[in-house]
Amino acid sequence: MNGSGANRAFQALDSGQLLLICAAGLLAVAGVAHTAATGLLDPQIAVAFGALIAVGELARLTMPGNREVAPIGAAAALGYTLLLDMGGVPTRHSALQVVAVLSVGMVAGALPHLAVGRPPRLDAMARRLLTGALLALAYRPLAGPLFDLARGDESGWWPALGVMALFILLMVVADVLLAAALRAEQVRAAFKVAVHDELWMAAPLGVAVAASGILLALASHSMDMAALLVFAAPLLVTQVAFRKYAGIRATYLQTVRALSRVTEVGGYVEPGHSRRVSRLAVAVGRELGTAEPELLELEYAALMHDIGQLSLRDPIPGGATVLTDPEQARRIAELGAEVIKQTGVLDRVAEIVRRQCDTCAETPPMASRIIKAANAYDDLVGGSSDRDRAGAALERLRLGTGKEYDPTVVEAMARVIDRLAPIHRL
């Protein structure tokens, strides 16, 4: 990435992200400096785990919601942090050495991506480093006593396992809260909703990573260094499965976006209409506290809300369904829903599109109410950033609240538009 690109990426970070990156950077410097001053303890073990962390960072993937994860690296970091012994010989590394190995491994894994112009997300790397460091600082002082307990009695491994699970649970809670706080600031979502979304997205992969990290630490007692290879393989399979899942989600969205442009190419709606309605609808959904799975359905439905216009012999002037006969608008919605149903996998999206013309008395889904208001606003305003025009459109929507438009949706939209106005002016 060139210098200007790096500067733009840095400037795009908000205050929370910058604070996180600074905190992680200070921890990394402290860990490396301490390790350089005291010497690297058990260097073969440190290098092996550091290499696995680097491989994990090299094979990182982006999950839905633009979440960057590195499950193999995270499991290796957990294993190294929780490690009590290697082949019966107790390990001696400190928490700061864990931070140093984790930092060096992450940087080494990121370098090939930087070389080809794919820089990692600094906030995601910083969060992984910070949560790993917090776990190490809390757990490593207990590693010696836990090993003595386990060595004295084989049943002592069970208390050690319980302590490991407890500390990992606390680390996951801290990571979820930190990720939710950052995401709430970035996308202006309610913190409670952001926590729910992070739990929903992190749970499947988090369980696999936590289990692999614990098993890696315990298996090293009897399997020695071979445990790294044995437990890296199933993690790699898990990562491939999640990569395919993320790829399918991305393909769905690309297909829906391409399909939504058919109405624009055919001259049925104004250029950019579907994209603008989708962005506004998603922003309003976030303002109202909609969870991420429902936001994705809302985005799909908003992108394809006008696809039923393809059935019209004579296009509506400007594609503005808000200005047409209500029965014709309802017919367009019904036909659009039938088209979407043909996919066989978007039935809920089809229902949202079908009910977008319902009145409030018919209690349509919240997503349908959002799309109806967002579509009406864009039909009246288009791509204009004129505040007077926007204000007039909002007043028109307010006149229809209680019957045509949900007042809660209209007021949430007003707040969103008010926040976006300075950006449009710039």
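A brief look at the structure comes next. Given the structure is predicted, the values throughout are model-derived calculations rather than measurements.

### Topic: the overall build of the protein chain
Check the secondary structure of the protein chain and you find 17 helices and 4 strands. Expressed along its principal axes, the backbone C-alpha trace of the protein chain runs to roughly 80 × 40 × 40 Å. Per-residue burial over the protein chain gives 49% buried out of 426 residues. Restricting to contacts in the protein chain with at least 6 residues of sequence separation, those with at least 24 account for 72%. Counting every atom, the protein chain has about 20,200 Å² of accessible surface; 64% of that belongs to carbon and sulfur. In the protein chain, which carries 39 positive and 40 negative side-chain charges, the distance between the mean positions of the two groups comes to 3 Å.

### Points about a nonpolar patch on the surface
A contiguous nonpolar patch, built from Leu169, Val173, Leu177 and Phe191 and spanning about 350 Å² of accessible area, is present on the exposed surface. Ranked by residue count, the leading element in the nonpolar patch is helix H7 (residues 157–187), at 3 residues. As for its position among the elements, Leu177 is in helix H7. Accessibility expressed as a relative area gives 39% for Leu177, which makes it partly exposed.

### A closer look at empty space enclosed by the protein
With the rule as written, the count across this model stands at 2 cavities of 30 Å³ or more. By volume, the largest cavity is sized at about 60 Å³. The wall of the largest cavity is formed by Arg355, Gln356, Asp358, Cys360, Pro364, Ser368, Arg369, Lys372, Ala373, Glu404, Tyr405 and Asp406. Residues of the lining of the largest cavity, tallied by class, amount to 4 nonpolar, 2 polar and 6 charged. As a volume, the second largest cavity reaches approximately 40 Å³. Leu52, Ala75, Ser212, Gly213, Leu216, Leu228, Phe231, Ala232 and Leu235 are the residues that line the second largest cavity. At the level of elements, helix H8 (191–223) and helix H9 (226–260) are the ones that each hand at least two residues to the lining of the second largest cavity.

### Remarks on the pattern of salt bridges
Overall, the coordinates contain 25 salt bridges when judged by the stated rule. For Arg128, the salt bridge goes to Glu57, with nearest N and O atoms at 2.9 Å. Within this pair, whereas Arg128 is found in helix H6 (residues 122–152), its partner Glu57 is found in helix H3 (residues 43–58), the two being separated by 71 residues in sequence. Residue Arg128 shares its accessibility class with Glu57, and that shared class is buried. The residue Asp123 makes a salt bridge to Arg121 at a minimum N-O spacing of 2.8 Å.

### Quick notes on unusual backbone geometry
The backbone of Asp42 sits at a positive phi, close to 50°, despite the residue not being glycine. As for its position among the elements, Asp42 is in the loop between helix H2 (15–38) and H3. Positioned with a positive phi, Asp224 is a non-glycine residue whose angle comes to about 60°. Topologically, Asp224 is positioned in the loop between H8 and H9.

What counts and what doesn't
Residues numbered from 1 in each chain as written. Predicted model: local features only at pLDDT ≥ 70, side-chain atom pairs only at ≥ 80, totals over all residues. Heavy atoms only, no water. Helix = DSSP H or I, 4+ residues; strand = E, 2+ residues; numbered from the N terminus. Buried < 20%, exposed > 50% of the residue type's maximum accessible area, 1.4 Å probe, protein only. Contact = heavy atoms within 4.5 Å. Areas by Shrake-Rupley, 256 points an atom, 1.4 Å probe, with all protein chains shown as cover. Lys, Arg positive; Asp, Glu negative; His and termini not counted. Charge placed at Lys NZ, Arg CZ, Asp CG, Glu CD. Patch = residues over 30% accessible without salt bridge, like charges linked within 9 Å, V, L, I, M, F, W, Y side chains within 5 Å. Salt bridge = Lys/Arg side-chain N within 4 Å of Asp/Glu carboxyl O. 1 Å grid on protein atoms, 1.4 Å probe; cavity = no way out; pocket = protein on both sides within 12 Å on 5 of 7 lines; lining within 4 Å. Points joined across faces, edges and corners; volume = space filled by probe spheres on them. Nonpolar A, V, L, I, M, F, W, Y, C, P; charged D, E, K, R; others polar.

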